[in-house]
Amino acid sequence: QKAEWAKLVNEKTVSKDGHHVELGANIGTPNDLQGVVENGGEAVGLYRTEFLYMGKDQFPTEEEQFESYKKVLEGMKGKSVVVRTLDIGGDKKLPYLKLPEEMNPFLGFRAIRLCLEEQDMFRTQLRALLRASVYGNLKIMFPMIATLNEFRQAKTILLEEKEKLVSENIPVSDQIEVGIMVEIPSTAVLADQFAKEVDFFSIGTNDLIQYTMAADRMNEQVSYLYQPYNPAILRLVKMVIDASHKEGKWTGMCGEMAGDEIAIPILLGLGLDEFSMSASSILKARSQIRGLNKSDMEKLAEQVLQFQTNDEVIEAVKKVTSM
Ligand code: PEP
Ligand code: MG
């Protein structure tokens, strides 16, 4: 099987009936690039920049960040690279950044909430990204967006930094798409409004599931509620995809679900444009998608959206795709 998959390294990800989707990789450092290339990744769908900040005793400088971003952009040779701005706080702490103790870290001061307060830190990252943008196909993504206002504030800061660089005669690409993670239910529900302002969505199911089901993704005792195929989740995913397409935008997914063999047929049927997963899952997913008809998966998706439980969905997918 592995040998069969390996033949697909340079192939496109096209369904049996000719529909193309993009398979990207989630990475944490420039060192992960080799795996992306070896596994035929068509993009970097999520570059988690937290690792630049962790395991150190001070903030990474603009220069250090610039070098990392540049390396990834150049390494992908013009293929799309979605860089997520810092998603720290919650369970991920930095030794040099004092944050208040919180009762509910996952519902607290993290990611974009923190970046909009700690603006020096945020602006440094954005400057490094903007400077690196001329070395490839950069897309910038803000994490944990809950309101339109947060997105507008973040984008305003980005544009301010861009203006500054331009006035200093530092080259910045003007093709940078600016998007958001959809990982908070409020944002999925108002996706039609967000779609008018963002360039793209990337659905973060790891968090979207925990927030929709109100079940901590780390807590064993409530893990029975962590249900990726619960029709409540699938309907939110559909809302986001449909809203983006209505505005001529695209939707990706960078949570674990994007590389999951039960989810993939449904996501193909719902019209997901980009699937981002660990590099080691790409060839298997490509092989799976090449064996599916999108039109059949559309029918499957329509059917499972009417189901009541996670288990019914699993059963239907297995049956229809003869797993
Ligand atoms: C997600 O929430 O699905 C996601 C991709 O982000 P992280 O796992 O880094 O929270
Ligand atoms: Mg997340």
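These numbers come from a predicted model, not from an experiment.

Comments concerning the UniProt feature "binding site: phosphoenolpyruvate" (unreviewed entry) in the protein chain
- Feature annotation in UniProt assigns "binding site: phosphoenolpyruvate" (unreviewed entry) to the following positions: Arg 48, Arg 84, Asn 206, Asp 207 and Arg 217.
- Tracing the chain through its elements places Asn 206 in helix α10 (residues 205-213).
- The class of Asn 206 is partly exposed, set by 15 C-beta atoms lying within 10 Å.
- In this structure, Asp 207 sits in helix α10.

Description of unusual backbone geometry
- Its identity as a non-glycine residue notwithstanding, Asn 169 has a phi of 60°, on the positive side.
- By secondary structure assignment, the location of Asn 169 is in the loop between α7 (148-167) and β5 (177-182).
- Of note, the phi angle at Ala 214 is positive, near 50°, even though the residue is not glycine.
- Along the chain, the position of Ala 214 falls in the loop between α10 and α11 (231-246).

Things to note about the site of ligand 1
- The environment of ligand 1 is formed by Leu 46, Arg 48, Asp 87, Glu 183, Gly 204, Thr 205, Asn 206, Asp 207, Cys 254 and Gly 255.
- Contributing elements (two or more residues each) for the shell around ligand 1: β2 (43-48) and α10.

A few points about the UniProt feature "binding site: Mg(2+)" (unreviewed entry) in the protein chain
- The feature "binding site: Mg(2+)" (unreviewed entry), as given by UniProt, occupies Glu 183 and Asp 207 in the numbering adopted here. Of the residues just listed, which span 25 residues, no C-alpha pair is farther apart than 5.3 Å, and they cluster in one region.
- As for its position among the elements, Glu 183 is in the loop between β5 and α8 (185-189).

Focus: the packing of α10 against α11
- Where α10 contacts α11, the two axes come as close as 10 Å, and the packing angle between them is 125°. In terms of their interaxial angle, α10 and α11 are classed as oblique. The interaxial crossing formed by α10 with α11 has right-handed handedness. Between α10, through Leu 208, Ile 209 and Thr 212, and α11, the contact on the second element is made entirely by Ala 232, Ile 233 and Leu 236.
- Taken together, the residues of the contact of α10 with α11 sort by class into five nonpolar, one polar and no charged.

Considering the nonpolar core
- Ranked by size, the top nonpolar core spans 89 residues in total, and within it Val 44, Ile 180 and Val 240 carry the most contacts.
- The element that contributes the greatest number of residues to this core is α11, accounting for seven residues.

Here's the deal with the sheet that holds strand β4 (residues 137-142)
- One closed barrel holds the eight strands; their spatial order is β1-β2-β3-β4-β5-β6-β7-β8, and the pairing between them is parallel. Recorded for the sheet is a direction-independent mean angle of 25° between the axes of neighbouring strands.

A few points about the pairing of β4
- Counted residue by residue, β4 has five buried out of six residues, so it is predominantly covered.
- Across five bridges, strand β3 (residues 80-84) lies against β4 in parallel orientation. Each bridged residue has a counterpart across the sheet, and for Val 81 the counterpart in β4 is Leu 138.
- Direction of pairing for β4 relative to β5: parallel, over a ladder of four bridges. Bridge pairing in β5 links Ile 140 to Val 178.
- Handedness of the crossover joining β4 and β5 through α7 is recorded here as right-handed.

Thresholds, definitions, all that
Residues numbered from 1 in each chain as written. Chains lettered and ligands numbered in written order. Predicted model: local features only at pLDDT ≥ 70, side-chain atom pairs only at ≥ 80, totals over all residues. UniProt positions renumbered as here; feature names shortened; annotations may be inferred. Helix = DSSP H or I, 4+ residues; strand = E, 2+ residues; numbered from the N terminus. Buried ≥ 20, exposed ≤ 12 C-beta atoms within 10 Å, placed from the backbone. Near = placed C-beta within 6 Å. Axes fitted to C-alpha atoms, helices over the stretch in contact; angles between N-to-C directions. Parallel < 35°, antiparallel > 145°, perpendicular 65-115°, else oblique. Left-handed = near helix turned anticlockwise from the far one by under 90°. Contact = placed C-beta atoms within 7 Å. Nonpolar A, V, L, I, M, F, W, Y, C, P; charged D, E, K, R; others polar. Core = buried A, V, L, I, M, F, W, Y, C linked by C-beta atoms within 7 Å. Pairing = 2+ DSSP bridges. Right-handed = clockwise from strand over helix to strand, strands pointing away.

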